[in-house]
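Here are the chains, one letter per residue:
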Amino acid sequence: MNVKSQLSTLKAYTPGKTTDEVKKEYQLEKIVKLASNENPYGCSPNVLKAISQTNTLAIYPDGAAAELKKAVAEHLGVDQAKLIFSSGLDELIQIISRAVLSPEANTVMASETFSQYRHHAIIEGAEVREIPLLEGVHDLDKMAEAIDENTKLVWICNPNNPTGTYVAKEDLLRFLDKVPNNVLVVVDEAYYEYVTINDYPQTIPLLDKYENLLVMRTFSKAYGLAGIRIGYGVASPALINKLDIVRLPFNTSSLAQTAAIAALEDPEFIEECVIINTNELQKYYHFFDQQQISYYPSQTNFIFLQLSKPAIEEMFQQLLEKGWIVRKFPKGIRITIGTEQENEELLKILKEVIPCIQ
Ligand SMILES: *Cc1c(COP(=O)(O)O)cnc(C)c1O
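All values reported here derive from a predicted model rather than from experimental measurement.

1. A few points about the pairing of strand β3 (residues 106–111)
- β3 sits mainly inside the fold: 5 of its 6 residues count as buried.
- Of the strand pairs in this sheet, β3 and strand β4 (residues 127–132) are connected by 6 bridges, and their pairing is parallel. Residue pairing in the sheet places asparagine 106 in a bridge with glutamate 127 of β4.
- Following the backbone out of β3, through helix α5 (residues 115–123) and into the adjacent parallel β4, one traces a crossover that is right-handed.
- As paired strands, β3 and strand β5 (residues 151–157) are joined by 3 bridges and run parallel to one another. Its bridge partner lying in β5, threonine 107 is registered against leucine 153.

2. Examining the side chain of arginine 247
- Looking at the element boundaries, arginine 247 is found in the loop between α8 (237–246) and α9 (254–264).
- Of note is the side chain of arginine 247, whose polar atom sits 3.0 Å from the backbone oxygen of glycine 63.
- If we ignore the near neighbours within four places in the chain, the residues touching arginine 247 are Gly63, Ile84, Phe85 and Ile95.

3. Here we look at the sheet that holds strand β12 (residues 327–329)
- The antiparallel open sheet is built from 4 strands, whose spatial order is β9-β10-β13-β12. In the strand order of this sheet, the two ends are held by β9 (294–296) and β12, each with one partner. Mean inter-strand twist for the sheet, computed between neighbouring axes without regard to direction, equals 30°.
- Helix α10 (residues 267–290) rests against β9, β10 (302–306) and β13 (332–336) of the sheet, and its axis sits at about 15° to β10.

4. Here's the deal with helix α7 (residues 169–178)
- Considered for burial, the residues of α7 that qualify are Leu172, Phe175 and Leu176. Down the axis of α7, the buried side of the element spans an arc of 100°, and every buried residue falls inside it. In this structure, α7 carries Glu170 and Asp177 as exposed residues pointing more than 90 degrees from its buried face.
- Of the surrounding secondary structure, the elements contacted by the buried residues of α7 are α6 (140–145), β5, β6 (184–188) and β7 (213–218).

5. Quick word on the pairing of β5
- Across the 7 residues that make up β5, a large majority, 6, are buried.
- Summarising the sheet, β5 and β6 pair through 5 bridges and their orientation is parallel. Residue leucine 153 lies in a different strand from β6, and its bridge partner there is leucine 184.
- As for the winding sense of the linkage, the β-α-β connection from β5 through α7 to β6 is right-handed.

6. Observations concerning the pattern of salt bridges
- Applying the stated criterion to the full structure yields 14 salt bridges.
- The residue glutamate 130 makes a salt bridge to arginine 118 at a minimum N-O spacing of 3.7 Å. With glutamate 130 in strand β4 and arginine 118 in helix α5, this pair connects stretches of sequence that are 12 residues apart.
- You can call arginine 118 partly exposed: its relative accessible area is 34%.
- Counted as one network, the salt bridges with shared partners bring together Asp141, Asp171, Arg174 and Lys178.

7. Some details on the UniProt feature "modified residue: N6-(pyridoxal phosphate)lysine" (unreviewed entry) in the chain
- The UniProt record annotates "modified residue: N6-(pyridoxal phosphate)lysine" (unreviewed entry) at Lys221.
- As for its placement among the helices and strands, lysine 221 is situated in the loop between β7 and β8 (231–234).
- Of the residues examined, lysine 221 reaches a relative accessible area of 15% and is grouped as buried.
- Apart from residues no more than four positions distant in its own chain, lysine 221 is found in contact with Ser36, Asn37, Asn39, Ala190, Tyr191 and Tyr194.

Here is what the cut-offs are and how they apply
Residues numbered from 1 in each chain as written. Predicted model: local features only at pLDDT ≥ 70, side-chain atom pairs only at ≥ 80, totals over all residues. Heavy atoms only, no water. Buried < 20%, exposed > 50% of the residue type's maximum accessible area, 1.4 Å probe, protein only. Helix = DSSP H or I, 4+ residues; strand = E, 2+ residues; numbered from the N terminus. Pairing = 2+ DSSP bridges. Right-handed = clockwise from strand over helix to strand, strands pointing away. Polar contact = N/O pair within 3.5 Å; in protein donor to acceptor, adjacent residues only side chain to side chain. Contact = heavy atoms within 4.5 Å. Axes fitted to C-alpha atoms, helices over the stretch in contact; angles between N-to-C directions. Arc of directions from axis to C-beta. Salt bridge = Lys/Arg side-chain N within 4 Å of Asp/Glu carboxyl O. UniProt positions renumbered as here; feature names shortened; annotations may be inferred.

Here you go:
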């Protein structure tokens, strides 16, 4: 079969082992999965109520997501024409890549960062320019240097997945001033709600000044709606109009639209989750300081431990055998912040595991 030759260098996404697989393999009763940065408290009860009341499943959804558009426009204080919705940000990454990239183009991103930017660039045949993180943070100076006349797209994941680190306001502004205005800069703010630090850039007001900026947000993480698939992009109406051409006509389901509207109506749920998350992060910091394990301070609902290759394998495997699924990367392990009880249990287990890996 003749498929694009570049597909031979890629693999389908593997989310890691499922809970059921691990249960069977290690004969465990209880599994805790802290591997995908989902909200351990689920979603707002408001959402469950709203979706249980929908009875329009036989009808195509509103492709323009008009009601949700109105709600998000109000929530952000932006014009409705600046919004595009997608079946999670994964789909928006695909839409943007499809609209912007081609075999003549290149795209600049950090390494390590969210894997889907690279994946879709390669499918489009574009060159990927990966700039190593500098102490865990996007190296914006080097990223700016990597831009040339064939650069069409730059990805900034802020805060960054998998490190949890962030690009400060001043640095982002300096970068945006350097980037030619025909190069699209996408800032992925999947963890926006979890950020508590003061010098984190508020990007929505920057959209008026930088017409080449697109901001992405999702309902999958803090809002706890990863299973229903809904996210969005905010950018100039001219750019949104072009992306809408690439977007499938009914890309977001009516259930997802209803869920997102209901989620926005319960800001207290997010506030509570963020307070607990921030507090729980402190417990992890304290513990890993004591254990002398390096980590990056996080503005998200996960923490990244910097470990040697053998330590990564050993910690990952020992946790797995005890029923705890975390995520491993080439330079460390990422742990999603769980419920208070889960975190307490995990720290107890790590206290036993850590001496065995050093
Ligand atoms: C989780 C995540 C996404 C994808 O989220 P969706 O569930 O597809 O909305 C995108 N970017 C980053 C940085 C993420 O962590």
